[in-house]
2 protein chains.
Amino acid sequence: MNEGAEGLADTADFATRSNALALGVDPVEADDRVRPWVRRTPVMKLAKGSFGLEHDIVAKLECLQHAGSFKARGSFNSALAAKIPQAGLIAASGGNHGQAVAYVARALGLAVEIFLPSASSPVKVQRIRQLGAKVTVVGDLYDDARLACNERSAETGALNIHPYDAPLTVAGQGTVGLELMAQVDRFDTVLVAVGGGGLIAGMAAALPDSTRIIGVEPDGSHCLHSAIEVGGPVDVEIESVAADSLGAKRLGSLPWAIVGSRVESVVVPDREIIEARQMIWDDARLAVEAGGATALAALASGAYRPSSDERVVVVLCGSNTDPHDLIDRV
Amino acid sequence: MNEGAEGLADTADFATRSNALALGVDPVEADDRVRPWVRRTPVMKLAKGSFGLEHDIVAKLECLQHAGSFKARGSFNSALAAKIPQAGLIAASGGNHGQAVAYVARALGLAVEIFLPSASSPVKVQRIRQLGAKVTVVGDLYDDARLACNERSAETGALNIHPYDAPLTVAGQGTVGLELMAQVDRFDTVLVAVGGGGLIAGMAAALPDSTRIIGVEPDGSHCLHSAIEVGGPVDVEIESVAADSLGAKRLGSLPWAIVGSRVESVVVPDREIIEARQMIWDDARLAVEAGGATALAALASGAYRPSSDERVVVVLCGSNTDPHDLIDRV
């Protein structure tokens, strides 16, 4: 599977990629665009025996990405593809996307405003300010911030970068999948955490249809799971330790159009997410956030049990965390 | 440079490797031995502009190794090459080596005793206990622990694994160099932190003579620097923030026999080490210990200035740290 990804979109194993392309989602084009700006994050084998697992697992260390999550990819892709207005960039975000957009603005020398709900973690709010963004905290939930952001962007004309429901965003996140294909010789299955669906849709648009994609969500925040259950995006209640990164109320309609009939869904309880976050610190000294540990939690808890010969990749997707609550144990 | 390392030892560019082999230090043999047990740690490009650097640098993320440092390599090599006595393993250590030996003992199901000086960081002492080792804290400095350990091993017959002044230890650490040759297409220079000299000697035994090797030490703990100055190992005073990992009073005689005429030396002040540790957290969310940030400090502070076309690798060699003092900034 480590042949170049280009030129494969028309083969039988890339029906999802063709479908995504028709929706304007082109990870290969995004990859060319963002390559000089984003970090090619490494992969690392987690040994058999770690995390109670009976076989080796490959971790994609996207937690080491600029601005601490995969969000830098979609944000760079969106900004680099556009003619940027005088007012620069604007975004609403639970926190990670806001950090990414602020990082992109700093890198490209642009003005930037970020709208956040009060639920955002203080670490993220502070980092966005430190990146030089004008920050507005408004309402309790992401949706409140989104509405305020939309109003403001209509006023100023700033380029509004959506965190997951936009083709350039999804295409940028898909570069994680293209990188994986170049880095890991063969793999059967990828586990990836799901918030609004941008990353999983990008992965689905990048990877061959024969690669199994498992979306993992907290059992208190599972808009993908519900969408699969009822056959389309619906509003869900949000209460989870990972809400500040995975707490989208409703799966994006563009992500749904790509992943609807393509991916599988698993949910995990908060306590398993907390445990998985601690385990990856114990095992490899990686400080990830709750959302970044959610996909690993599906493996460590047994919510997803690979078969004995299944070659599994888990994406550790974010590290915007305060490490002070990690405890010291082995 | 990414051809297999085997079979190169007799070529003109591997005089140091031949010399090391004659001293019983064989990284290629060690690599075969430890491969199933140690983590192949990833490399990652640090972007131009990070750390005030004018060009890309490759970081070898040995901080993600089992037991939090490269020491697992030498310890596994020493244990796997030996017939293990009934009493198991024993070691004296500033902390990282002790953790590694305790980790090896747990992995191989062996009894283990570790002797530590009171200067060892509480994090390290606790982790060694949690790994199931019998711990004795004795004296103020590593040398006190070493003497007590030697006495005890004479009593019990346990296999005493030296942290740096033994061929199997040095050969095991050299597998970092062999991995680098396989992972990074071409590089001119490697920066590596120096305590007693085990890692730098292993690297010198692995890498071609044409690769420049820079040993980096705190200006308050620089036994390599002094050895080069006076033409052989001498005692130095120790006072540094990185003393618990790099605080060897005297370079090992075996390391000296390998690196004496082969490597260069740079020293950095503690404040630059502290700053580099914070910078790699800011930039990539990697929590490394002071010793693990010391090689990076040489680059970030300008103590070592690569030329504009020099391809540089920096080894981040340890992460046995309490992350609570990392501050939140970007």
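The written sequence of each chain sets the order in which its residues are numbered from 1. Numbering of ligands from 1 and lettering of chains from A proceed in the order in which they are written. In keeping with the predicted nature of the model, local features appear solely for residues at pLDDT of at least 70, side-chain atom pairs appear and are counted solely at 80 or more, and the whole-chain, interface and lining totals rest on all residues. Values shown for side chains rest on all heavy atoms present in the structure; no hydrogens or waters enter the calculation.

Draft legend 1. Examining the environment of I273 of chain B more closely. All names here are of chain B. Within the secondary structure, I273 sits in helix α13 (residues 270-284). Exposure classes here rest on a 1.4 Å probe applied to the protein chains alone. A residue is buried below 20% of its type maximum, exposed above 50%, and partly exposed in between. Look at I273 and you get buried, because its relative accessible area is 0%. Note: C-alpha distance between I273 and R152 (121 residues apart in sequence) is 36 Å. Contact partners of I273, with chain neighbours within four places excluded, come to P218, V241, V268, A290, A293, T294 and A297. By definition, any uninterrupted DSSP run of H or I lasting at least four residues is a helix, any uninterrupted run of E lasting at least two residues is a strand, and each is numbered from the N terminus. By definition in these notes, contact holds between two residues if any of their heavy atoms fall within 4.5 Å.

Draft legend 2. Representation of the environment of E272 of chain B in the model. Residue and element names in this part refer to chain B. Within the secondary structure, E272 is located in helix α13. Between the C-alpha atom of E272 and that of A303, which follows or precedes it by 31 residues, the distance is 9.6 Å. The residues contacting E272, other than those within four sequence positions of it, are A297 and S301.

Draft legend 3. Examining the sheet that holds strand β6 (residues 159-160) of chain A more closely. All names here are of chain A. Ordered by their spatial adjacency, four strands build an open sheet running β5-β4-β3-β6, and the pairing between neighbours is parallel. If you trace the sheet from one side to the other, it starts and ends with β5 (134-137) and β6, each paired once. For two strands to be treated as a pair, DSSP must find at least two bridges joining them. Sheet topology note: the strand β3 (residues 89-92)/strand β4 (residues 112-116) ladder contains four bridges and is parallel. Residue pairing in the sheet places A91 in a bridge with I114 of β4.

Draft legend 4. Structural context of the domain arrangement of chain A. Residues and elements named next belong to chain A. Annotation of chain A at the domain level lists domain 1 (12-69 + 168-325) and domain 2 (71-160). Distance from the C-alpha centre of domain 1 to the C-alpha centre of domain 2: 22 Å. On the domain 2 side, the residues contacting the 30 residues of domain 1 number 23 residues. Accessible-area loss on putting two parts together, using a 1.4 Å probe and summing over both, is the definition of buried area adopted here. Buried surface at the junction of domain 1 and domain 2, both sides included, amounts to about 2,200 Å², of which 53% is carbon and sulfur. Of all residues in domain 1, W37, D244 and N320 give up the largest surface area on contact with domain 2, accounting jointly for 28% of the area buried on that side. Here, a salt bridge means any side-chain nitrogen of Lys or Arg that lies within 4 Å of a carboxyl oxygen of Asp or Glu. Where domain 1 meets domain 2, there are four salt bridges. Delimitation of the domains relies on an automatic or database domain assignment.

Draft legend 5. Region of the structure containing the relation of the copies chain B and chain A. Aligned on chain A, chain B shows an RMSD of 0.0 Å; the corresponding rotation is 180° and the shift along the axis is 0.0 Å. Taken together, the turn and the small shift mark the pair as related by a two-fold rotation axis. Across chain B, the smallest distance between a C-alpha and the rotation axis is recorded for H324 of chain B, namely 2.6 Å. An overlap of 100% is found between the interface residues of chain B and their copies at the interface of chain A, pointing to a shared contact surface. Least squares is the method for superposing the copies, and the C-alpha atoms it fits come from residues with pLDDT of at least 70 in both.

Draft legend 6. Structural view of the nonpolar core. To define a nonpolar core, start from buried Ala, Val, Leu, Ile, Met, Phe, Trp, Tyr and Cys residues and group those joined through side-chain atoms within 4.5 Å. Counting residues in hydrophobic clusters, the biggest one holds 170 residues, and the most contacted among them are L191 and L286 of chain A together with L191 and L286 of chain B. Not counting residues up to four positions away in its chain, the partners in contact with L191 of chain B are I214, V216, A295, A298, L299, Y304, V312, V313, V314 and V315 of chain B.

Draft legend 7. Inspection of the packing of aromatic side chains at higher detail. Residues and elements named next belong to chain B. The pairing test for Phe, Tyr and Trp rings, Trp by its six-membered ring, is centres within 6.5 Å, and the orientation test on the planes gives stacked under 30 degrees, edge-to-face over 60, and tilted for anything in between. Evaluated as defined, the whole model comprises six aromatic pairs over all chains. On the basis of an interplanar angle of 25° and a centroid distance of 5.5 Å, the ring pair of W37 and F76 is categorised as stacked. Of the two residues, W37 is situated in the loop between α2 (27-34) and β1 (43-46) and F76 in helix α3 (residues 71-81); the sequence distance between them amounts to 39 residues. Judged by relative accessible area, which is 33%, W37 ranks as partly exposed.

Draft legend 8. Spotlight on the pairing of strand β8 (residues 212-218) of chain B. All names here are of chain B. Burial runs high along β8: six of the seven residues are buried. Note: strand β7 (residues 189-193) against β8, five bridges, orientation parallel. Counterpart to V192 in the pairing with β8 is G215. Call a crossover right-handed when, viewed with both strands pointing away from you, the route from the first strand across the helix to the second goes clockwise. Taking the sense of rotation as the criterion, the β-α-β connection linking β7, helix α9 (residues 198-206) and β8 turns out right-handed. Of the strand pairs in this sheet, β8 and strand β9 (residues 264-268) are connected by five bridges, and their pairing is parallel. Paired with E217 across the strands is V267, a residue of β9.

Draft legend 9. Region of interest: empty space enclosed by the protein. Residues and elements named next belong to chain B. With a 1 Å grid spanning the protein atoms alone, the term cavity applies to any set of points in which a 1.4 Å probe fits but cannot get out, the term pocket to an open set with protein on both sides within 12 Å along at least five of seven lines, and the term lining residue to any residue with an atom within 4 Å of a point. Grid points are joined across faces, edges and corners, and a volume is the space filled by probe spheres set on the points. Considering all chains together, one arrives at one cavity of 30 Å³ or more under this definition. Estimated volume of the largest cavity: approximately 40 Å³. Surrounding the largest cavity, L141, Y142, D143, I238, G247 and K249 form its lining. Here the term charged refers only to Asp, Glu, Lys and Arg, the term nonpolar to Ala, Val, Leu, Ile, Met, Phe, Trp, Tyr, Cys and Pro, and the term polar to all other amino acids, Gly among them. Residues of the lining of the largest cavity, tallied by class, amount to three nonpolar, one polar and two charged. No fewer than three residues from each of domain 1 (12-69 + 168-325) and domain 2 (71-160) sit in the lining of the largest cavity.

Draft legend 10. Quick peek at the pairing of β7 of chain B. Residues and elements named next belong to chain B. Counting buried positions along β7 gives five out of five residues, so the element sits mostly inside the fold. Burial along β7 is two-sided: T189, L191 and A193 facing one way and V190 and V192 facing the other are all buried. Relative to strand β10 (residues 312-315), β7 runs parallel, the two being bridged by three bridges. Residue pairing for β10: V190 is matched across the bridge by V313.

Draft legend 11. Expanded view of the environment of Y142 of chain B. By secondary structure assignment, the location of Y142 of chain B is in helix α6 (residues 142-156). For Y142 of chain B and G95 of chain B, which are 47 residues apart along the polypeptide, the C-alpha to C-alpha distance reads 9.3 Å.

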